Amino acid sequence: MIKRTLKQVHEMAEGLNDISPFQSKGINGVTIDSRTVKEGCLFIPLKGEQVDGHQYVKQALAQGAAASFWQRDVPNPPDDLPIIIVENTEKALQQLARSYRQELNIKVIGITGSNGKTTTKDMTAALLATTYKVHKTNGNFNNHLGLPLTVLSMAEDTEAAVLEMGMSSRGEIEFLSKMAKPDVAIITNIGESHLLDLGSREEIANAKLEIVEGLAEDGTLIYHGDEPLLRNRIKKDFPDLNVISFGRTEQNDLYPQAINQGADSTTFTIASGDKEIGYEIPVLGHHNVLNALAAILVAKEFNVDDSAIRKGLSSIQLTNMRMELVEGAKGQKIINDAYNASPTSVKAAVELVEGLSGFEKKILVLGDMLELGPQEKDFHTKIGELISNERIDRIFTYGPLAEFIAKGASKSFSSEQVRPFQDKQELIEELKTSTQENDIILVKASRGMKLEEVVQALQK
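Residues numbered from 1 in each chain as written. Predicted model: local features only at pLDDT ≥ 70, side-chain atom pairs only at ≥ 80, totals over all residues. Heavy atoms only, no water.

A. Region of interest: the sheet that holds strand 4 (residues 42-43). Overall, parallel pairing links the four strands, which are arranged 3-4-5-6 in an open sheet. Here the strands that pair on one side only, and so sit at the sheet edges, are strand 3 (30-31) and strand 6 (83-86). The strands touched by helix 3 (residues 89-103) within the sheet are strand 3, strand 4, strand 5 (67-71) and strand 6, with strand 5 carrying the most contacts at an inclination of about 130°. (Pairing = 2+ DSSP bridges. Helix = DSSP H or I, 4+ residues; strand = E, 2+ residues; numbered from the N terminus. Contact = heavy atoms within 4.5 Å. Axes fitted to C-alpha atoms, helices over the stretch in contact; angles between N-to-C directions.)

B. Main features of the nonpolar core. The biggest cluster of nonpolar side chains holds 83 residues, and the ones touching the most others in it are F69, L96 and L221. In this structure, A126, I270, Y279 and L297 belong to the second largest nonpolar core, which totals 38 residues. (Core = buried A, V, L, I, M, F, W, Y, C linked by side-chain atoms within 4.5 Å. Buried < 20%, exposed > 50% of the residue type's maximum accessible area, 1.4 Å probe, protein only.)

C. A look at the packing of aromatic side chains. Within the structure shown, the criterion is met by three aromatic pairs. Aromatic side chains Y132 and F302 sit 6.4 Å apart centroid to centroid with 80° between the ring planes, which places their arrangement in the edge-to-face category. Of the two residues, Y132 is situated in the loop between helix 4 (117-128) and strand 8 (134-136) and F302 in the loop between helix 10 (286-301) and helix 11 (306-314); the sequence distance between them amounts to 170 residues. A relative accessible area of 27% means that Y132 is categorised as partly exposed. In this structure, R310 packs its charged tip against the face of Y279, placed 5.7 Å from the ring centre. Above the ring of Y339, the side-chain terminus of R322 is found at 3.7 Å from the ring centroid. (Phe/Tyr/Trp six-rings, centres within 6.5 Å; stacked < 30°, edge-to-face > 60°. Lys NZ or Arg CZ within 6 Å of the ring centre and 35° of its normal.)

D. Here's a closer look at the sheet that holds strand 10 (residues 184-187). With parallel pairing, six strands are arranged side by side in an open sheet as 8-9-7-10-11-12. Here the strands that pair on one side only, and so sit at the sheet edges, are strand 8 and strand 12 (242-246). Each strand axis lies, on average, 15° off the axis of its neighbour in the sheet, ignoring direction. Where strand 7 (residues 107-112) lies against strand 10, four bridges are found, and the strand directions are parallel. Within the sheet, the bridge partner assigned to I111 lies in strand 10 and is I186. Across the face of the sheet, helix 4 comes into contact with strand 7, strand 8, strand 9 (160-164) and strand 10 while running at roughly 175° to strand 9. Along the sheet face, helix 10 touches strand 7, strand 10, strand 11 (220-224) and strand 12 and points at about 145° away from the line of strand 12.

Structure follows, in structure tokens:
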């Protein structure tokens, strides 16, 4: 984490006041939450709609913080305490992160995309960690506050940083990319998330391509080449950019020769010269093979050898609720993929379950997909229509939008096979009584639906 004197922090964050009485004082790390203050850290109070962090500055310093920022338009800054006055505390946090990033001798990998960002981040970090000292985004700290906090939490001797970049509107990825200045950038795919904000998949693609704005002059863009919105735009607008594509088809620089789905892992092969190389990942799904391909391309950019890549892939630990395979109290196998959902990711997860074998019953528990804009009902209906009644035994839905999944599925499933619910506890009780050992249950929905509560209930 950042370790600097107060004088250095003052310069890096463009402080406005005289801090000479405290300038030799050292800071060790940064926090924006007074509840997580540690000895010697820098406290950065943010002004929110409900709470103003400035009211906790004295408390943070009393708890051991070495110093604090203070926004200039907030009255009565304490003049007897180690305070750095700045124009805006949020912007000062971001400026401090920019300055710290510039001072570090590291390689940065920036990752964005509609789906798979966090999984690709975890995979990339695992592969690079076989050879380098790696720092990665914690959880989904991927926005205008999370990314600078991630940068400032890096140790001085970090060799590679894997940084996730999220967005909800245009300009946000450009802002984050220019802060992180990646040497390699990944665009995992273009889905339907944020259609409510951006209006079209074309605009989503444009927003994701903003990651190029902060890319190093000799940097490399790794992208999902099966997506025409990316491939065509890159050829047209970035003809001189170093690019590498991955995907399912032979038009890409890297693609799988074969994929085999096991009970709790996935194996695949890729061509390397005149031979095929096999890999195994301890997660399910063909879509996760594509995430692994992106990670492999990064590893090869940084000269990680094949044996280390295999070792890294075998040791992957994904962030919770991303295709997480757990066991229910009755011995059911549950795929907890409840962190987020879009039409693209739901289709991929359903295809995974449809392709599994050896289970008594295959059951889908699908909740609302949020932020899809005016076509949200159509998106849900089409998901239901795509589900195979030959490969799936039962479908349970939760939420007002997911009821349209049930309506779509009812065209090919019987009424006994499809059950829509609006009450989560009723859904849980039905699943507890109607599922048994050796059933496989997929649980997937947007984050706001909190379907992990269903998984937790089934485990009790």
